[in-house]
Amino acid sequence: MSELFSYPADREESSAARVRALEGLLIEKGVLTGSTVDKVLGYFESEMTPLNGKKIVARAWVDPEFARLLAEDTPRAIAQLDLPDGMAGAEGEHIAAVLNEPGVHNLVICSLCSCFPWPVLGLPPYWYKDPVFRARAAREPRVVLAELGLPLDDDTEVRVWDSSGHSRWFVVPSRPEGTEGWSEEQLADLVTTESMIGVALAGPAA
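The structure reproduced in this document is the subject of the present report. Numbering of residues starts from 1 in each chain and follows the order in which that chain's sequence is written. Where totals are concerned, whole chains, interfaces and linings use all residues; where local detail is concerned, this predicted model gives features only for residues with pLDDT of at least 70, and gives and counts side-chain atom pairs only at 80 or more. For side-chain calculations, the full set of non-hydrogen atoms in the structure is used, while hydrogens and water are omitted.

Brief notes about the overall build of the protein
Here a helix means four or more residues in a row that DSSP labels H or I, a strand means two or more in a row labelled E, and each is numbered from the N terminus. Tallying secondary structure elements over the protein gives eleven helices and four strands in all. Any residue under 20% of the maximum accessible area for its type is buried, any over 50% is exposed, and the rest in between are partly exposed; the area is computed with a 1.4 Å probe on protein chains only. When the 206 residues of the protein are sorted by exposure, 40% land in the buried category. For the protein, long-range pairs separated by at least 24 residues make up 70% of all intrachain contacts whose partners lie at least 6 apart in sequence. Contact between two residues is taken to exist if any of their heavy atoms lie within 4.5 Å; hydrogens are not considered.

What to know about helix α1 (residues 11–28)
For α1, built from 18 residues, the straight-helix expectation of 26 Å at 1.5 Å per residue is met to within 8% by its first-to-last C-alpha distance of 26 Å. Backbone geometry just after α1 places G30 at a positive phi near 80°. One less than the number of residues in a helix, times 1.5 Å, gives the span that helix is expected to have.

Quick notes on the state of the cysteines
Count a disulfide wherever a pair of cysteine sulfur atoms falls within 2.5 Å. This structure, assessed with the given rule, holds zero disulfides. Free cysteine C110: the closest other cysteine sulfur is in C113, separated by 3.8 Å. Between C113, a cysteine without a disulfide, and C115, which holds the nearest cysteine sulfur, the sulfur-to-sulfur distance is 3.7 Å.

Describing the side chain of N100
Inspection of the secondary structure puts N100 in the loop between β1 (95–99) and β2 (104–109). On the basis of relative accessible area, N100 is assigned to the buried category, the value being 13%. Polar contacts involving the side chain of N100 include one to the main-chain amide nitrogen of N106, which spans 2.8 Å. Among residues more than four places away in sequence, those in contact with N100 are H105, N106, V171, V172, P173 and S174. Here a polar contact is taken to be a pair of N or O atoms separated by no more than 3.5 Å, where protein atoms must pair a possible hydrogen donor with a possible acceptor and residues adjacent in sequence count only if both atoms sit in side chains.

Quick word on the packing of helix α3 (residues 50–62) against helix α4 (residues 64–72)
Packed helices, taken two at a time, are described by the angle their axes make and the gap between the axes. To get an axis, fit a line to the C-alpha atoms, keeping to the stretch in contact for a helix; angles then go from 0 to 180 degrees between the N-to-C directions. Packing of α3 against α4 brings their axes to within 5 Å, and their N-to-C directions diverge by 125°. Taken together, the axes of α3 and α4 lie oblique to each other. Considering only the axes of α3 and α4, their crossing is left-handed. Between α3, through I56, R59, A60 and V62, and α4, the contact on the second element is made entirely by P64, F66, A67 and L70. Residue type decides the class: Asp, Glu, Lys and Arg count as charged, Ala, Val, Leu, Ile, Met, Phe, Trp, Tyr, Cys and Pro as nonpolar, and the leftover types, Gly among them, as polar. Residue classes in the contact of α3 with α4 are distributed as seven nonpolar, no polar and one charged. By the definition adopted for this analysis, an angle is roughly parallel if under 35 degrees, roughly antiparallel if over 145, roughly perpendicular if from 65 to 115, and oblique otherwise. Definitions for this section: a left-handed crossing has its near helix turned counterclockwise from the far helix by less than a right angle. A right-handed crossing has that turn clockwise.

Describing the packing of aromatic side chains
Pairs were defined over the aromatic rings of Phe, Tyr and Trp, the Trp ring being its six-membered one, requiring ring centres within 6.5 Å. Orientation was assigned from the angle between planes: stacked under 30 degrees, edge-to-face over 60, tilted for the rest. Scanning the model with the defined rule gives four aromatic pairs in all. Three or more aromatic residues joined by ring pairs form one cluster here, namely F116, W127, Y128 and F133. Our definition puts a charge over a ring when NZ of Lys or CZ of Arg is within 6 Å of the ring centre and also within 35 degrees of the ring normal. The lysine or arginine in question, K129, covers the ring of Y126, its NZ or CZ lying 5.0 Å from the ring centre.

Quick look at the structure:
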């Protein structure tokens, strides 16, 4: 990803400097306290992570009824699992899942900005927010997927889902072959953030 959608080497430092300046101004104005930002970031780093998405996908792989409900009413399905509080909170208000199936591959983008289901996938990666990726994935998704190492057969339908403030999509990738009898914990290890966005397949080599 980083080679195809590269950023300046100092992007972390420059972004951090802007964040510190904005945080200092908001603290000075009394909008927030010095610990507010750290508390929020800590929550998303420890609770709202891709581990939640991995558990959801693994359950869908072993439970057809759960998978059906996940496609029909994603928040209701997620509420059945023992996941952290706040799954329907910030950036999770309108989560919706789409399931890969034989002959159909799903890809999630945000053509306007970087809408992302944080409670399920964690914070969005840099490349997901890249204007080139967003534009090209909407215009020529099959080509972009091939460039990212995921060539699809010509008869495979590619469906592109555009996340927004009204719908934050994630993909339930196809279950890898040869995993019959695996536990949910074992299956969850095969799921990656990339596979839940749709730019990779689930599995050890994803």
